[in-house]
Amino acid sequence: PGNRPTFCTDDGLNCIAITGRLHLDTAAYSFSPKSAGTTPQSVNDGINARRARLGLIGTFNKDWEYGVIVDAGGTTDGDVTLNNAYVAYKGVKGLLIQGGYIDVPYTLDEATSSNNIMFMERAASQVLATNLAAGDNRAAFGGQVFGDHYWVGAYVTGPTTGLNVNHSQPQPLGATFRAVGLPINNEVGTVLVGFDALYLAQTGGVTNNTLGISDRIEVRVDPATNALLNTGTMNFVNNARVLSGEAAVKFGSFMASGEYFDYNIQRSNGLSDLSFNGGYGQASYVITGEQHKYNTSAGAFGGINPARPVNFATGDLGAWELAVRYSYASLNDGVIRGGELKNTTVGVNWYVNQNMRFMFNWIHGTVDKFAVNSNVNTGADYDVFAMRTQVAF
Amino acid sequence: PGNRPTFCTDDGLNCIAITGRLHLDTAAYSFSPKSAGTTPQSVNDGINARRARLGLIGTFNKDWEYGVIVDAGGTTDGDVTLNNAYVAYKGVKGLLIQGGYIDVPYTLDEATSSNNIMFMERAASQVLATNLAAGDNRAAFGGQVFGDHYWVGAYVTGPTTGLNVNHSQPQPLGATFRAVGLPINNEVGTVLVGFDALYLAQTGGVTNNTLGISDRIEVRVDPATNALLNTGTMNFVNNARVLSGEAAVKFGSFMASGEYFDYNIQRSNGLSDLSFNGGYGQASYVITGEQHKYNTSAGAFGGINPARPVNFATGDLGAWELAVRYSYASLNDGVIRGGELKNTTVGVNWYVNQNMRFMFNWIHGTVDKFAVNSNVNTGADYDVFAMRTQVAF
Amino acid sequence: PGNRPTFCTDDGLNCIAITGRLHLDTAAYSFSPKSAGTTPQSVNDGINARRARLGLIGTFNKDWEYGVIVDAGGTTDGDVTLNNAYVAYKGVKGLLIQGGYIDVPYTLDEATSSNNIMFMERAASQVLATNLAAGDNRAAFGGQVFGDHYWVGAYVTGPTTGLNVNHSQPQPLGATFRAVGLPINNEVGTVLVGFDALYLAQTGGVTNNTLGISDRIEVRVDPATNALLNTGTMNFVNNARVLSGEAAVKFGSFMASGEYFDYNIQRSNGLSDLSFNGGYGQASYVITGEQHKYNTSAGAFGGINPARPVNFATGDLGAWELAVRYSYASLNDGVIRGGELKNTTVGVNWYVNQNMRFMFNWIHGTVDKFAVNSNVNTGADYDVFAMRTQVAF
């Protein structure tokens, strides 16, 4: 986002910029558990500071970048935690090497800044993948090379920041890879296809072999919905890997993208391997004509800068975008019955000016969840109306 | 406060300002419990970072304001939590619409910035009211209109930020209203009268019908004094409302103000309603001649900007203010015996320069607290000598 | 460190500067417990954000300084806590009076900024001393006078910030003193000798007479090593005092320094006093020719500003420093057998530019620890390879 205050030394070699990001969410749920065995039985409307970040991003001696960003948002909003803290070398054009706590550039939707994502939350299938060994607040070291027609990056990753990291226990260890090609990338349009892989070599923690994967129902205001699409604790986990493909097309103000994920959990102690899968497809159209421009260094698409920022005096109403997504994820295999999620989301994004947008999401979805040899569905049907107020610079 | 670094784009439409606030308190208590049943039996002298805030406040496209402020102070000082995070529309003169985590402008003393309050702590009766559904760090949405002779605002309010908000439980829901008229507001003096109302529709939490109200003895260094003026948990609470009146007079360097609060708790399950009350009156005189100017957009009075900032070389000694307050609150009704507080506070405020002041408070007070049909007083007498070192910009 | 963005009012009297500090550590341990009774039996390699600070430091009306700095690093990195929050008067040349949460200038190595210390961690003997009543995040009030040939400072100290301060319990209370003389301090070289004292009058906490002293093995990534050099809880502690001497020599690019500490714990209830001791000696040489300049106001040595910052295009490789340290500490006296630590550390510091350095430490050490009348050694041998990535401004 623009309008980021930046201060440089007179020689221009050393700079510091102030960055901030505020995502304030509200949601109203219509929630119907499918049986008395569903957890939760009811959910609560409410508000949540999803992200409330402050930080500094700068450059030393032209070639070195650093950042320190803290976040007062999240599930337990109010508590300020470390978001990003990193050092990067960018002295060679088309190359970036970085280490520290970063937002690991794995998957198309994670490479897209949370300021620019199409819906309030990324699709469940994508969150399941990145939570294993990537995502935000993640200790990582790696690099990426990029140009107008490609982006390739690989990272070794460790634990995330936060209160739950006990440095006296084994720490998680993983790796990610992302390779993207753009056969078309010009003023008229962009076509992107890519391949991603994630490997979690050790899960960390006192046993260093337990793992649970889960996600909320694509709205985060009530965290209790995390119990729905949820494998529970899987024991004797040797490693986990995710293979996925991504594709996107941008043509003028129209954009469509999707990803498909195949998750595989390898277990010891005579337990069988587990295989899950999920994916999403989404499309949007900016009816006021602005475009999501491709960002070469991110290997992903940027946000909307409204041509006519809102000004009630002149009648300018900013930019408006319509979006729709279908999202699917299944965490069922063998005796692990984590449930199956099917969500359809309709979104309206109102870009007030270069730094603000309001997002409106209606999620219509269902989770089906049956224990083995049971015909009791402990899932739920739901419609969620959610709104985000976003400020970023 | 002035000297706030502010950076704008060349067109002046987008700005960002850095704000900070540091209130460092120390206190020495002379504390005499009235019986062996008093809790606490003794209190501890000490120090406390009451407020230690850093944040950004800015403007986008001239009409939109935002703020993100974190606070490392408070009762458990040291832990950094979200203080304010909001977006406001100010495109129409005399109107402000805002939402997010804000400092809800309810009551005269809360509308007065903590940088400018007359004593180190606001009066107990005021704290009891705002803690129900307003105050600082409060999720709220609402608006206000104001001019030289009026200020009217209404807000819907939710939970406060912080570690205690469990977003999986029902969240508190309330509303506030404040209307102020200024029959006189000119260079000579200001006369303000107003009416305030607060309604707490649901208390939140797992039962969503319990409530406890309490305050420390107008010094916050030892939080154990919170047990004195304290209703304990009240069950089956349907709702709570507070009606109050406020008045203030400023004439040159003299200022006096007061508020009276009537609290009413409505209960179900055959339990009777509860009625509490409290109030305060305070007056100050700036002996070096400076004045607390009325702030139209806040509907309250500002701070002191010393004409001659402290400079030991030239003998300038800043501005000095003397202040006195009487504060009363009773939380006794029926079988609820939360106690009765009577405090007299004498204060000296030394304004070193535009951004710094030292405050000295002597609180002489008593809490009387009798269980029903008991003549054992579990209250306490106390004298507290407290000092605040304040920096704000 | 330089390149700190600073913004002043036009008259230059009021300024604000943005400061940041990032110390990212990684470590690999080779750890051999000396018996099955050693705690811990194994330690974990990993990463840690040792310091991740953001803050503001400024001046009001020329004579008054203030600072508010928060830290997202530490043992439980990720949680943001208050680091420094203070106000200082500096209106008289060669004098500084300050109060608040500060980094107490006690001992030579603490007076040296963590940005400029020779090794990743200060020596164990120094940490044992400052943790009693000084160090960082410490409530303190005091002053210092200094000139080219002396530095003298004395402080009264209280609790540290953080989640563990319960303001309803007695707070710790102590005092520190440091006096330094510089018989030689010129362009050729600097010779410094000094005397330090610390007194802990009350330990704070619910009993207000218990105390434990401990340190990790001079690398902090796995906090479990804190159990090795550790007295456990000592009861009936009346007070503690530390007497120490310090000396340093700088000649061109060569620098050597050392401190010796004598710790004494006085106990009541018929328990004997306890006496511990420790010390360290360290030396470094900057092979690229830069020097650690003496900082008059700190009474300590500054960092290295590389003459030729790293630029791979021109072949400039920054500044390089070699360092070695021997560190010793014994916490054995009477029935208290806290163990004896002997560490040798070899370090390489690579100064990339004025604001960045990478540190490489190899710690070869041992802790011997025998219970009274036992010949079972519950200590450990270890080699630790550690690296720090440092950014500061």
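In what follows, the structure referred to is the one given above.
Summary of the structure given here. Since we're looking at a predicted model, the values are computed, not measured. (Residues numbered from 1 in each chain as written. Chains lettered and ligands numbered in written order. Predicted model: local features only at pLDDT ≥ 70, side-chain atom pairs only at ≥ 80, totals over all residues. Heavy atoms only, no water.)

1. Details of the interface of chain B and chain C
Size of an interface: often given as the accessible area lost when the parts come together.
So, point 1. Contact with chain B, which involves 37 residues of that partner, is made by 36 residues of chain C.
So, point 2. Regarding the contact of chain B and chain C, the summed buried area is about 2800 Å², with carbon and sulfur atoms giving 71% of it.
So, point 3. Considering only the surface of chain B that becomes buried against chain C, Asn44, Ile47 and Leu54 of chain B emerge as the three largest contributors, covering 17% of it.
So, point 4. Inspection of the region where chain B meets chain C yields zero salt bridges. (Contact = heavy atoms within 4.5 Å. Buried area = accessible area lost by both parts, 1.4 Å probe. Salt bridge = Lys/Arg side-chain N within 4 Å of Asp/Glu carboxyl O.)

2. With respect to the interface of chain B and chain A
So, point 1. With 36 residues of chain B in contact, the opposing surface of chain A contributes 37 residues.
So, point 2. For the pairing of chain B and chain A, the buried interface totals around 2800 Å² over both sides, and the portion due to carbon and sulfur atoms is 71%.
So, point 3. Among the residues chain B hides against chain A, the three largest losses belong to Phe60, Trp64 and His167 of chain B. Together they make up 23% of the total.
So, point 4. Taken together, the connections running from chain B to chain A amount to seven residue pairs in polar contact (both at pLDDT 80 or more).
So, point 5. Those elements that place two or more of their residues in the side of chain B that touches chain A are strand 2 (15-33), strand 3 (46-60), strand 4 (64-71), strand 5 (81-89) and strand 6 (95-102) of chain B.
So, point 6. Ranked by residue count, the leading element in the side of chain B that touches chain A is strand 5 of chain B, at six residues.
So, point 7. By residue class, the composition of the side of chain B that touches chain A is 21 nonpolar, 14 polar and one charged. (Polar contact = N/O pair within 3.5 Å; in protein donor to acceptor, adjacent residues only side chain to side chain. Helix = DSSP H or I, 4+ residues; strand = E, 2+ residues; numbered from the N terminus. Nonpolar A, V, L, I, M, F, W, Y, C, P; charged D, E, K, R; others polar.)

3. Some remarks on empty space enclosed by the protein
So, point 1. On inspection of all chains with the given rule, the structure shows four cavities of 30 Å³ or more.
So, point 2. Every residue lining the largest cavity is counted, 19 residues in all, and those nearest its centre are Leu54 of chain A, Leu54 and Leu56 of chain B together with Leu54 and Leu56 of chain C.
So, point 3. Only strand 3 (46-60) of chain A, strand 2 and strand 3 of chain B together with strand 3 (46-60) of chain C provide two or more residues apiece to the lining of the largest cavity.
So, point 4. Its residues assigned to classes, the lining of the largest cavity comprises 15 nonpolar, four polar and no charged. (1 Å grid on protein atoms, 1.4 Å probe; cavity = no way out; pocket = protein on both sides within 12 Å on 5 of 7 lines; lining within 4 Å. Points joined across faces, edges and corners; volume = space filled by probe spheres on them.)

4. Brief notes about the side chain of Asp77 of chain A
So, point 1. Inspection of the secondary structure assignment puts Asp77 of chain A in the loop between strand 4 (64-71) and strand 5 (81-89).
So, point 2. Looking at Asp77 of chain A, its side chain comes within polar contact range of the main-chain nitrogen of Ala49 of chain A, at 2.9 Å.
So, point 3. Side-chain polar atoms of Asp77 of chain A contact the side chain of Tyr101 of chain B, separated by 2.6 Å.

5. What about the packing of aromatic side chains?
So, point 1. Scanning the model with the defined rule gives 39 aromatic pairs over all chains in all.
So, point 2. An aromatic cluster is defined as three or more aromatic residues linked by ring pairs; in this entry it consists of Trp64 and Tyr89 of chain A together with Phe312, Trp320, Trp350 and Phe358 of chain C.
So, point 3. Cation over ring: Arg178 of chain B sits above Trp151 of chain B, and NZ or CZ is 5.1 Å from the ring centre. (Phe/Tyr/Trp six-rings, centres within 6.5 Å; stacked < 30°, edge-to-face > 60°. Lys NZ or Arg CZ within 6 Å of the ring centre and 35° of its normal.)

6. Considering the pairing of strand 18 (residues 319-333) of chain A
One face of the sheet, then the other: side chains in a regular strand alternate in exactly this way.
All names here are of chain A.
So, point 1. Of the strand pairs in this sheet, strand 15 (residues 274-286) and strand 18 are connected by ten bridges, and their pairing is antiparallel. Of the residues in strand 18, the one forming a bridge with Gly278 is Ala329.
So, point 2. In this structure, strand 18 lies alongside strand 19 (residues 336-353), joined through 14 bridges in antiparallel fashion. Along strand 19, the bridge assignment pairs Ser330 with Glu340.
So, point 3. Hairpin connection, strand 18 to strand 19: the antiparallel pair is bridged by two residues, and Gly334 has positive phi, about 60°. (Pairing = 2+ DSSP bridges.)

7. Description of a nonpolar patch on the surface
So, point 1. Together, Val188, Val249, Phe251, Phe254, Tyr285, Ile287 and Leu322 of chain A give the surface a local cluster of nonpolar side chains, amounting to about 670 Å² of exposed area.
So, point 2. By the element assignment, Phe251 of chain A lies in strand 13 (residues 237-251). (Patch = residues over 30% accessible without salt bridge, like charges linked within 9 Å, V, L, I, M, F, W, Y side chains within 5 Å. Areas by Shrake-Rupley, 256 points an atom, 1.4 Å probe, with all protein chains shown as cover.)

8. Focus: the pattern of salt bridges
Residue and element names in this part refer to chain C.
So, point 1. Tallied over the full model, the rule gives 51 salt bridges over all chains.
So, point 2. Asp381 is the partner of Lys34 in a salt bridge, and the nearest nitrogen-oxygen pair spans 3.6 Å. On the criterion of sequence distance, the pair formed by Lys34 in the loop between strand 2 (15-33) and strand 3 and Asp381 in strand 21 (residues 380-392) is long-range, its members being 347 residues apart.
So, point 3. Accessibility expressed as a relative area gives 35% for Asp381, which makes it partly exposed. (Buried < 20%, exposed > 50% of the residue type's maximum accessible area, 1.4 Å probe, protein only.)

9. Some thoughts on the side chain of Ser114 of chain A
So, point 1. Positionally, Ser114 of chain A belongs in the loop between helix 1 (108-111) and helix 2 (124-133).
So, point 2. Residues within four places of Ser114 of chain A in sequence aside, it is in contact with Arg21, His23, Arg51, Arg122, Arg357 and Gln390 of chain A.

10. Some words on the relation of the copies chain B and chain A
So, point 1. You can overlay chain B on chain A at an RMSD of 0.0 Å; the transform is a turn of 120° with a shift of 0.0 Å along its axis. The operation mapping one copy onto its partner corresponds to a three-fold rotation axis. For chain B, the smallest separation between a C-alpha atom and the rotation axis is recorded for Val80 of chain B, amounting to 3.2 Å.
So, point 2. Interface overlap between copies is the fraction of interface residues in one copy that are interface residues in the other; for chain B against chain A it is only 14%, indicating separate surfaces. (Least-squares fit on C-alpha atoms with pLDDT ≥ 70 in both.)

11. Here's the deal with helix 2 (residues 124-133) of chain B
Residue and element names in this part refer to chain B.
So, point 1. Summarising burial for helix 2: nine of the ten residues are buried, a large majority.
So, point 2. When helix 2 is considered as a whole, its buried residues turn out to be Ala124, Ser125, Gln126, Val127, Leu128, Ala129, Thr130, Leu132 and Ala133.
So, point 3. Of the residues one or two after helix 2, Gly135 is the one with positive phi, at around 75°.

12. Overview of the nonpolar core
Nonpolar side chains tend to gather and get buried jointly when the protein is soluble and globular.
So, point 1. One finds Ile18 and Trp64 of chain A, Ile18 and Trp64 of chain B together with Ile18 and Trp64 of chain C to be the most contacted residues of the largest nonpolar core, which totals 87 residues.
So, point 2. When neighbours within four sequence positions are excluded, Trp64 of chain A is seen to be in contact with Gly58, Thr59, Val87, Ala88 and Tyr89 of chain A together with Val310, Val352, Asn353, Met356 and Phe358 of chain C. (Core = buried A, V, L, I, M, F, W, Y, C linked by side-chain atoms within 4.5 Å.)

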